[in-house]
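Listed below, chain by chain, are the residues.
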Protein chains: 2
Amino acid sequence: MRDIITLQQKIAPELIELLERRYTILRHVSHSQPVGRRSLANSLKLGERIVRTELDFLKEQGLLESNMSGVKLTAEGEYLIHQLSDFVKHLRGIHEMETRLRERLGLGHVVVVPGNSDEDELVKKEMGRAAARYLLEVMRGGSIIAVTGGTTVGEVANAVPVSHYPHNVLVVPARGGLGEEVEIQANTIAAKIAKKLMASYRLLHVPDNIAEDAVKSLSKDPHIREITRTIKSADILIHGIGNAQELSVSRGDSPEETRQLIRAGAVGEAFGHYFARDGTIVKTIHSLGVRLSDLKHINHVIGVAGGRRKAGAILAVVSNRHETVLVTDEGAGRAILEQMDGGER
Amino acid sequence: MRDIITLQQKIAPELIELLERRYTILRHVSHSQPVGRRSLANSLKLGERIVRTELDFLKEQGLLESNMSGVKLTAEGEYLIHQLSDFVKHLRGIHEMETRLRERLGLGHVVVVPGNSDEDELVKKEMGRAAARYLLEVMRGGSIIAVTGGTTVGEVANAVPVSHYPHNVLVVPARGGLGEEVEIQANTIAAKIAKKLMASYRLLHVPDNIAEDAVKSLSKDPHIREITRTIKSADILIHGIGNAQELSVSRGDSPEETRQLIRAGAVGEAFGHYFARDGTIVKTIHSLGVRLSDLKHINHVIGVAGGRRKAGAILAVVSNRHETVLVTDEGAGRAILEQMDGGER
DNA sequence: ATCTGCGGGACAAAAAATGACCAGCCACAG
DNA sequence: CTGTGGCTGGTCATTTTTTGTCCCGCAGAT
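As the structure is a prediction and not an experimental result, all values here were calculated from the model.

Conventions adopted
Residues numbered from 1 in each chain as written. Chains lettered and ligands numbered in written order. Predicted model: local features only at pLDDT ≥ 70, side-chain atom pairs only at ≥ 80, totals over all residues. Heavy atoms only, no water. Contact = heavy atoms within 4.5 Å. Buried area = accessible area lost by both parts, 1.4 Å probe. Salt bridge = Lys/Arg side-chain N within 4 Å of Asp/Glu carboxyl O. Polar contact = N/O pair within 3.5 Å; in protein donor to acceptor, adjacent residues only side chain to side chain. Helix = DSSP H or I, 4+ residues; strand = E, 2+ residues; numbered from the N terminus. Nonpolar A, V, L, I, M, F, W, Y, C, P; charged D, E, K, R; others polar. Phe/Tyr/Trp six-rings, centres within 6.5 Å; stacked < 30°, edge-to-face > 60°. Lys NZ or Arg CZ within 6 Å of the ring centre and 35° of its normal. Least-squares fit on C-alpha atoms with pLDDT ≥ 70 in both. Domains from an automatic or database assignment. Buried < 20%, exposed > 50% of the residue type's maximum accessible area, 1.4 Å probe, protein only. Near = heavy atom within 4 Å. Core = buried A, V, L, I, M, F, W, Y, C linked by side-chain atoms within 4.5 Å. Pairing = 2+ DSSP bridges. Axes fitted to C-alpha atoms, helices over the stretch in contact; angles between N-to-C directions.

Enquirer: Before we move on, could you go through the interface of chain B and chain A and cite the residues and values that matter?
Expert: Residue-level contacts link 25 residues of chain B with 25 residues of chain A. A combined buried area of about 2,200 Å² lies between chain B and chain A, and 71% of that area is made up of carbon and sulfur atoms. When the buried area of chain B at its contact with chain A is split by residue, B:Leu7, B:Lys10 and B:Ile11 rank highest and sum to 32% of it. Counting across the interface, chain B meets chain A through four salt bridges. For A:Lys10, the salt bridge is made with B:Glu76, and the minimal N-O distance between the two is 3.2 Å. One can count nine residue pairs in polar contact (both at pLDDT 80 or more) joining chain B with chain A. Among the elements of the structure, helix H1 (2-11), helix H2 (13-32), helix H4 (48-60) and helix H5 (75-91) of chain B are those that each provide at least two residues to the side of chain B that touches chain A. Along the lines of polarity and charge, the residues of the side of chain B that touches chain A split into 16 nonpolar, four polar and five charged.

Enquirer: Requested: an account of the packing of aromatic side chains, with residues and values cited.
Expert: Applying the stated rule across the entire model yields zero aromatic pairs over all chains. The ring of A:Phe57 has A:Arg22 lying over it, and the distance from NZ or CZ to the ring centre is 3.7 Å.

Enquirer: So what about the relation of the copies chain B and chain A? Which residues, and what values?
Expert: Its rotation angle being 177°, the transformation that places chain B on chain A also includes 0.2 Å of axial translation and leaves an RMSD of 0.2 Å. Taken together, the turn and the small shift mark the pair as related by a two-fold rotation axis. When each C-alpha of chain B is compared by its distance to the rotation axis, B:Leu15 comes out closest, at 2.7 Å. Here 100% of the interface residues in chain B have copies in chain A that are interface residues too; the copies meet face to matching face.

Enquirer: Go over the environment of B:Leu197 with me, naming the residues and quoting the values.
Expert: Summarising the element assignment, B:Leu197 is placed in helix H9 (residues 186-197). Separated by 81 residues in sequence, B:Leu197 and B:Asn116 place their C-alpha atoms 29 Å apart.

Enquirer: So what's going on with the domain arrangement of chain A? Residues and values would help.
Expert: Residues and elements named next belong to chain A. Taken as a whole, chain A is organised into domain 1 (2-90) and domain 2 (92-343). One C-alpha centre belongs to domain 1, the other to domain 2, and the line joining them spans 31 Å. With eleven residues of domain 1 at the contact, the number on the domain 2 side is 16 residues. Summing both partners gives a buried area of about 1,300 Å² for domain 1 against domain 2, and 45% of it is carried by carbon and sulfur. The largest per-residue losses of area from domain 1 upon contact with domain 2 belong to Arg27, His31 and Lys89, which jointly make up 50% of the total buried on that side. Along the contact surface separating domain 1 from domain 2 lie four salt bridges. Of the charged contacts in the structure, one is a salt bridge between Glu126 and Arg27, with a shortest N-O distance of 3.8 Å. Between domain 1 and domain 2 we count ten residue pairs in polar contact (both at pLDDT 80 or more) in total.

Enquirer: Could you give an account of unusual backbone geometry, naming the residues involved and the relevant values?
Expert: For A:Met198, which is not a glycine, the phi torsion comes out positive at approximately 55°. Within the secondary structure, A:Met198 is located in the loop between helix H9 (186-197) and strand S6 (200-201). Of the residues examined, A:Met198 reaches a relative accessible area of 39% and is grouped as partly exposed. With a phi angle near 70°, B:Arg321 is a residue other than glycine that sits in the positive phi range. Among the structural elements, B:Arg321 can be located in the loop between helix H14 (311-318) and strand S13 (325-329). Overall, the relative accessible area of 55% leaves B:Arg321 in the exposed class.

Enquirer: Before we move on, could you go through the protein's contact with DNA strand C and cite the residues and values that matter?
Expert: Lining the immediate environment of DNA strand C, one finds 20 residues, of which A:Gly36, A:Arg37, A:Arg52, A:Lys59 and B:Arg49 sit closest. The sugar-phosphate portion of DNA strand C accounts for 39% of its atoms within 4 Å of the protein, the bases making up the rest. With respect to DNA strand C, the side chain of A:Arg52 contributes an N or O atom lying 2.3 Å from a base nitrogen. When contributions to the surface near DNA strand C are tallied by element, the ones reaching two or more residues are helix H3 (37-44), helix H4 (48-60) and strand S2 (70-73) of chain A together with H4 of chain B. Here the surface near DNA strand C takes four residues from H4(B), the largest share from any one element. Of the residues contributing to the surface near DNA strand C, the split by class is five nonpolar, six polar and nine charged.

Enquirer: Would you mind going over the nonpolar core in detail, with residue names and values included?
Expert: A:Ile11, B:Ile11 and B:Leu26 are the most contacted members of the largest nonpolar core, which totals 62 residues. Setting aside residues up to four positions removed in sequence, A:Ile11 forms contacts with B:Leu19, B:Arg22, B:Leu26, B:Phe57, B:Leu58, B:Leu63, B:Leu80 and B:Leu84.

Enquirer: Kindly report on the sheet that holds strand S8 (residues 242-243) of chain B, identifying the contributing residues and their values.
Expert: Residues and elements named next belong to chain B. Spatially, four strands are ordered S8-S9-S10-S11 in an open sheet, and the strand pairing comes out antiparallel. Every other strand in the sheet has two partners, leaving S8 and strand S11 (281-284) as the edge strands with one partner each. Of the pairings in the sheet, the one linking strand S9 (residues 266-270) to strand S10 (residues 273-276) comprises four bridges and is antiparallel in character. Each residue of the ladder has a partner; that of Gly268, found in S10, is Phe275. Here H14 sits on the sheet and contacts S8, S9 and S10; the angle it forms with S9, its principal contact strand, is near 75°.

Enquirer: Got a sec to walk through the protein's contact with DNA strand D? Specific residues and values, please.
Expert: A:Arg49, B:Gly36, B:Arg37, B:Arg52 and B:Lys59 are the nearest of the 21 residues found near DNA strand D. Counting only the atoms of DNA strand D that lie within 4 Å of the protein, the sugar and phosphate share comes to 39%. B:Gly36 is positioned with one of its backbone polar atoms (N or O) 2.9 Å from a phosphate oxygen of DNA strand D. Contacts to DNA strand D include B:Arg52, whose side-chain N or O atom sits 2.3 Å from a base nitrogen. Among the residues forming the surface near DNA strand D, the class breakdown is five nonpolar, seven polar and nine charged.

Written as structure tokens, this is what we have:
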């Protein structure tokens, strides 16, 4: 398998480019079907005409069909795209990358999707898909699933397939609310996942950036006590990973606070904890919800994050060794490996 | 493996064309290196310029290098061409064809090389290579190798690699001399193989088309008696397969004799025997050397022949069920399977 | 009714592939 | 020693393919 790919890359490199291009097109179509050639060309950053040529070809091959509202995958195309994605993973050596990451980071499982979410918005959706697939796999009857906020975890919610029969699980937000956008609140995401699974959910109506004494007074509320206890007994946690600086800003810290945090070595952030490059905790936001000490009771701690920009943050967070699963993308994965190699020398 | 090929054919069909074209070029170069682009273009029946473009590309990739006398394979190209040939076999479904032929003809082993020797002279060389490789594999110390004449078996001799240490084997002609061309006489071929292997050889100075009473008188010669006995104790036989009609003519039969032979059902010829479609013997040339009855004592009976034209002859000969190995080409293989399917209905 | 985004047609410009030469070089045969 | 033939590499006009752009009529949404 490996050799046949290197063989082809040696003897016909133009063609593998073509193949990847067509795969990208199929993938884009699959995500936003039905879609017109112009908007496709736009998001692919390719000329309209060239997209058109490829589209015609793919129609010819029976992988796409077009009606008046745009082009969409046929059943055959739907089937093919799965095979293709695996093949592209081979092409780019992503399977190798997954095992290297798994071994060097000491994780139980690593999924890397092709592409770089910094450059291509769809890659994030692809990560969401992968994470959702993994979630469905490990989820059991009676599971309690805790989720954080963030755009990436939001995509996980989008990717969870709508179920036509009820799942006996409970979805809860892992932490309180943060920022303004309702779409990426932990509460919203938890609810969305639960609805798709026809499962139940609880909400935690507490801001995440909250003063310590306020936490204490809130904890006395019996409602909040109960939901907090539920959250801490989760067996699955899906969380995003953020850059320390960006998260500090969006938490509303003053520039001085942020600077101090960074100076203290904070690189990554996850569920209210700031991590340094070596995985140690720099700062903890003492809000309600999941804390680091709870993680060891959670069977599946699933980190979802991608993009070259976030490589450092991801590396910091997973170095804490509480993660079991990482879902990321090619851009981040490559950068992480580079940083580890650089750091060793 | 199969699916990844169908996948590629679906998503990038031009890939396989390009790949085959480049493979053909490499193969041609490998056979007649060093070679110039013009003669290449000529034998490939492609424009000079297009050959040039491909050649430049292959040089770029480090598979070819050119000095003043022409272009030739680099070590890397040499290595790659083997992988490629296997890959092309997969592409054309030749591996499947081999097993189907093996099963339906009841043979021990079948090798099919890509192409059709009717159209491309090089395919014959390729068969020679394959047969030579097989020979080296089954040959043991003390082996006696009998070979017939013919251009195809001649290519086997050409393809046997020159050895730098002596092999303890004996090469003998399986039958007497036939026709004029010295290059394709059994004697010549036997000697050539032996020399390349640094082995010993014996010659049989007897014409193959000889009257029966002459055979008897010749048999009394002690020299000839001994070499004949040696030949009959061979454990490996490599023989060509010919069309009955063509062979009858080149044996010098009168038109009437030939017509009679064909009317009697003769289709194929091998080592002095004419075979009908169902494998039965139509006529035997009672010369000296290997006869059909000797074959059951020979471990490896290797038939080498290719080209669509010869499909019928090959089918007739191997239907006799004395063969153990068949080396042929894609054109003949396909035609044989077609004829068998046609004959069954 | 208007507006937007769709497929499909059309066409010129740009780029690439191709065919056809020529010059200079080297090896080899006579 | 010289002519001959085959080789590479350069060049250029021509053909073919690819690409960028615009327009049109249409269907569904607003």
